Amino acid sequence: MTAVVLGVDLGTSAVKVSAINKRGEVVAQASESYDLQQSHPGYSEQNPEDWVTQTTKAIRELLKQSEITAAQIEGLSYSGQMHGLVLLDEKNEVLRPAMLWNDTRTTKQCQEITDKIGDKFVDITGNRPLEGFTLPKLLWVKENEPDIWQQAKTFLLPKDYLRYRMTGNLAMDESDATGTVLLDIKSGQWSKELCDELGISLSMCPPLIESIEYAGNISDEYQELSGLSTDIKVFGGAADNAAGAVGAGILSSDKAMVSIGTSGVVLKYENDTQKEYRGVVQYERHAFPKKFYSMGVTLAAGFSLSWFKKTFAPDESFNDVVASAGKSSIGANGLLFTPYIVGERAPYADVNIRGSFIGIDGGHQRYDFVRAVLEGIIFSFEDLIKLYQQNGADFDTIVSIGGGAKSPLWLQIQANIFNCKVVSLENEQGPGMGAAMIAATGLGWFTTLTDCAQSFVHYGKAYYPVADQAEKYQKIYKLYQQVYAQTKPITAGLLEQRRSN
Ligand SMILES: Nc1ncnc2c1ncn2[C@@H]1O[C@H](COP(=O)(O)OP(=O)(O)O)[C@@H](O)[C@H]1O
Ligand SMILES: O=C(CO)[C@@H](O)[C@H](O)COP(=O)(O)O
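Residues numbered from 1 in each chain as written. Chains lettered and ligands numbered in written order. Predicted model: local features only at pLDDT ≥ 70, side-chain atom pairs only at ≥ 80, totals over all residues. Heavy atoms only, no water.

Looking at an unreviewed UniProt entry, one finds the protein named Xylulose kinase, with Companilactobacillus kimchii as its source organism. The Catalytic activity (unreviewed entry) field of the UniProt record for the protein holds the comment "D-xylulose + ATP = D-xylulose 5-phosphate + ADP + H(+)". Under the UniProt heading Sequence similarities (unreviewed entry), the entry covering the protein gives this text: "Belongs to the FGGY kinase family." (UniProt positions renumbered as here; feature names shortened; annotations may be inferred.)

Here it is, written out as C-alpha cells:
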C-alpha cells in the first residue's frame with residue numbers, strides 16, 4: 001500500500017485537492033469551484049460554508065475516482081487564499097460572510113491606521129495598511145457592524161477555518177498571519193502594541209503555529225462527512241503564495257516566482273527582513289521556518305481573463321479562448337489593456353483605478369482583445385520585476401505557476417516580456433504541491449522542506465525569450481507604463497459616477 005499525502009489548495013475560484021506519493025508524483029486530483037459575491041464595487045465575499053462543502057465534495061470525488069483509499073492517506077495540509085476575514089462567535093460559529101483579499105471597501109480604516117501609527121506600522125508588520133489585508137477589515141466590521149463586532153470572539157483566515165472544521169482546533173500559521181498585518185514580522189508574535197492602539201483585543205488573535213507543525217487529527221465529525229480516516233495527521237499549512245513558492249522550489253534568490261491565479265503575484269525569496277521596500281511590495285514570513293519572502297500583487301490577473309471570458313466568450317473553454325490570441329500579433333495589433341478592473345495593489349496601491357483598452361481600431365478582432373488581456377497582465381508583472389531589479393534582484397529564472405501556467409502561449413509571452421527564462425512545473429499545481437510538501441515534511445518523510453523540495457519539485461518545459469520579440473515588447477511596455485498616470489483621473493471620475501447610480 002503506497003502512502004500518500006493530501007495537499008488542499010483553497011483558492012479564490014476553486015479548491016483543488018491533490019494526492020501525492022513519496023516520490024512527489026501526483027497520483028490523483030479533484031477540484032470543486034465556488035462563487036464570489038461582488039454586490040457593490042469594491043466588495044468581495046464568500047461563504048465559508050461553501051469552502052467546507054466543496055472541499056468535502058472534492059475529497060469524496062478523489063477517493064471515488066482514484067485507486068486511493070482513506071487508509072493510504074497519512075497526512076494533509078493546506079495552501080490558502082490570503083487575508084480573508086472569517087469572524088467567529090464564542091461557539092466558533094461564522095458571524096458574517098468572509099471579506100476576501102480583493103475586497104477593497106476599507107480605505108477609511110487604512111487611513112485611520114496610518115494616522116494613528118504612521119511609519120512605525122511598516123517597521124512592525126513589514127507592510128503598509130492596504131485595503132486587502134485583514135486588520136482594516138476587522139476595523140471596518142467594528143465601525144460598521146457593531147452588533148456583529150460585539151459577538152466576535154476570534155478571527156481566522158480561510159484555510160484556517162477549513163482546518164478548524166476538519167480537526168476541531170483553532171490555529172493560524174505564521175506565513176498567513178503576516179498577511180493580517182497584526183503580526184510583528186520579526187518576532188512572529190501578535191503585536192500587542194497594534195492591538196492596543198487600534199482597540200482590538202489580543203484574545204481575538206488565534207494561537208500561532210508553524211507551517212509544518214502538527215495541528216490535530218481529522219475529527220470524528222469530519223470523518224463522517226468526508227470518508228477520511230481519523231488517523232490522518234493534519235499540519236498547519238501556509239498562505240497560498242508561500243505554499244506556491246515551496247511547491248515551485250523558490251529556496252534562494254536566484255529564482256523568482258510568478259503566479260497567475262485569480263490574483264497575480266511576482267515573488268522573491270528573502271533570507272531576512274533587512275530589505276527596505278517600505279511596503280511598496282509585501283513582506284511575509286515564509287513556510288520555511290524563520291525565512292521570508294516579498295511579493296507584489298496584481299489584484300486582477302487571472303480574474304481579468306476570466307472576466308473577459310465570462311463576458312465575451314461564455315460558451316468557450318479557457319483553452320480555446322487563450323489559444324485564439326495566437327491569431328493576433330505581438331502587441332495585439334496595437335491594442336493595450338491594463339488589468340486594473342478591481343483597482344490595483346502593487347506597484348500602484350490604488351483602489352479607484354480601473355482597467356482600460358487603449359487603441360481600439362475598427363479592424364480589431366476578438367482575438368486581439370484576448371491577446372491584449374494576456375499581455376496587459378504580464379506588463380503589470382513587468383512593473384514589479386523592474387522594481388525588484390532596481391532593488392538589486394539577481395534572479396535568472398522565473399518559475400511560473402497557477403492556472404495561467406496551463407497555456408504555452410502565455411508562458412512564451414512571459415519569457416518575452418520579462419526577457420528572462422521562464423519555467424513551468426510538470427504539474428501546474430504549485431500551491432497544492434507546496435501544501436503536500438508541508439504535510440510530507442510534518443510527517444517526518446523529510447527532515448526539512450528543502451530536502452523535500454529536492455524530491456518533490458519537478459520542473460517542466462523552459463521558455464526562452466526570442467530576441468526580436470522581447471525587443472518589440474520593451475517598446476510597447478514603455479507605452480503601457482504611461483497608461484496608469486494618464487487614465488487615473490478619468491477612471492476615478494467614472495467610478496465616482498458609477499457609485500452614484
Ligand atoms: N487553460 C487555461 N489557460 C490559461 N489560463 C487559464 C486556463 N484556465 C484557467 N486559467 C486562468 O487561471 C485562473 C485560475 O487560476 P487558479 O490558480 O486556479 O486560481 P485560484 O487559486 O485563484 O482559484 C483563471 O482566473 C484563469 O484566468
Ligand atoms: O492577496 C493575495 C496575496 O497578498 C492573493 O494572492 C490571495 O492570496 C489570493 O490568491 P489566488 O486565489 O489568486 O491564488
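Draft legend 1. Structural context of the packing of aromatic side chains. One pass over the structure, following the stated rule, counts 20 aromatic pairs. Here the aromatic rings of Y277 and Y388 are separated by 5.7 Å at their centres, their planes lie at 90°, and the arrangement is edge-to-face. Taken together, the positions of Y277 in the loop between strand 17 (264–270) and strand 18 (282–285) and Y388 in helix 13 (residues 366–390) put the pair 111 residues apart, joining distant regions of the chain. Y388 gets classed as buried once you look at its relative accessible area, which sits at 0%. Plain terms: the ring middles of F337 and F357 are 4.9 Å apart, the flat faces sit at 40° to each other, and that makes the pair tilted. Separated by 20 residues along the polypeptide, F337 in strand 20 (residues 336–338) and F357 in strand 21 (residues 356–358) bring together distant segments of the chain. According to the relative accessible area criterion, F337 is buried, its value standing at 2%. Grouping aromatic residues by their ring pairs yields a cluster made of F379, Y473, Y477 and Y480. The ring of Y43 is capped by R105, whose NZ or CZ atom sits 3.6 Å from the centre of that ring. R105 extends its terminal NZ or CZ atom over the ring of W140, reaching a point 4.5 Å from the ring centre. (Phe/Tyr/Trp six-rings, centres within 6.5 Å; stacked < 30°, edge-to-face > 60°. Helix = DSSP H or I, 4+ residues; strand = E, 2+ residues; numbered from the N terminus. Buried < 20%, exposed > 50% of the residue type's maximum accessible area, 1.4 Å probe, protein only. Lys NZ or Arg CZ within 6 Å of the ring centre and 35° of its normal.)

Draft legend 2. Spatial organisation of the site of ligand 1. Neighbouring ligand 1 are 21 residues; S13, K16, T262, G302 and N319 lie closest to it. Residue T12 places a main-chain N or O atom 3.3 Å away from an oxygen atom belonging to ligand 1. Here an oxygen atom of ligand 1 and a side-chain polar atom of T262 are 2.5 Å apart. Listing elements by their share of the shell around ligand 1, those giving two or more residues are strand 2 (14–21), helix 11 (302–312) and helix 12 (318–324). (Near = heavy atom within 4 Å. Polar contact = N/O pair within 3.5 Å; in protein donor to acceptor, adjacent residues only side chain to side chain.)

Draft legend 3. The UniProt feature "binding site: substrate" (unreviewed entry) in the protein, seen in detail. When the UniProt feature table is mapped onto this chain numbering, "binding site: substrate" (unreviewed entry) sits at M82 and H83. Note on M82: relative accessible area 3%, which makes it buried. Relative to the helices and strands, H83 resides in the loop between strand 5 (73–80) and strand 6 (86–88). Given a relative accessible area of 2%, H83 falls into the buried group. Leaving out residues up to four positions away in the same chain, H83 has contacts with M99, W101, G132, F133, T134, K137, L157, G179, Q282, E284 and R345. (Contact = heavy atoms within 4.5 Å.)

Draft legend 4. Expanded view of the pattern of salt bridges. Taken as a whole and assessed by the stated rule, the structure comprises 24 salt bridges. Among the salt bridges present, the one from D103 reaches R105, with a minimum N-O distance of 2.8 Å. Neither residue differs from the other here; D103 and R105 are each classed as buried. Between K108 and E112 there is a salt bridge whose closest N-O contact spans 3.1 Å. With K108 and E112 both in helix 2 (residues 107–117) and four residues apart, the pair spans about one turn of that helix. The partly exposed category is assigned to E112, whose relative accessible area is 27%. Salt bridges here are not isolated pairs; linked through shared partners, they connect E45, R96, D103, R105 and E145. (Salt bridge = Lys/Arg side-chain N within 4 Å of Asp/Glu carboxyl O.)

Draft legend 5. Molecular detail of the site of ligand 2. Taken together, 15 residues lie near ligand 2, and T12, H83, D240, S263 and R345 sit nearest. Between ligand 2 and the protein, one listed contact pairs an oxygen atom with a side-chain N or O atom of Q282 at 3.0 Å. Contact with the protein chains hides 94% of the accessible area of ligand 2, taken as 370 Å² for the molecule alone. Of all the secondary-structure elements, those providing two or more residues to the shell around ligand 2 are helix 10 (240–247) and strand 19 (292–298). Residues that form the shell around ligand 2 fall into these classes: five nonpolar, eight polar and two charged. (Areas by Shrake-Rupley, 256 points an atom, 1.4 Å probe, with all protein chains shown as cover. Nonpolar A, V, L, I, M, F, W, Y, C, P; charged D, E, K, R; others polar.)

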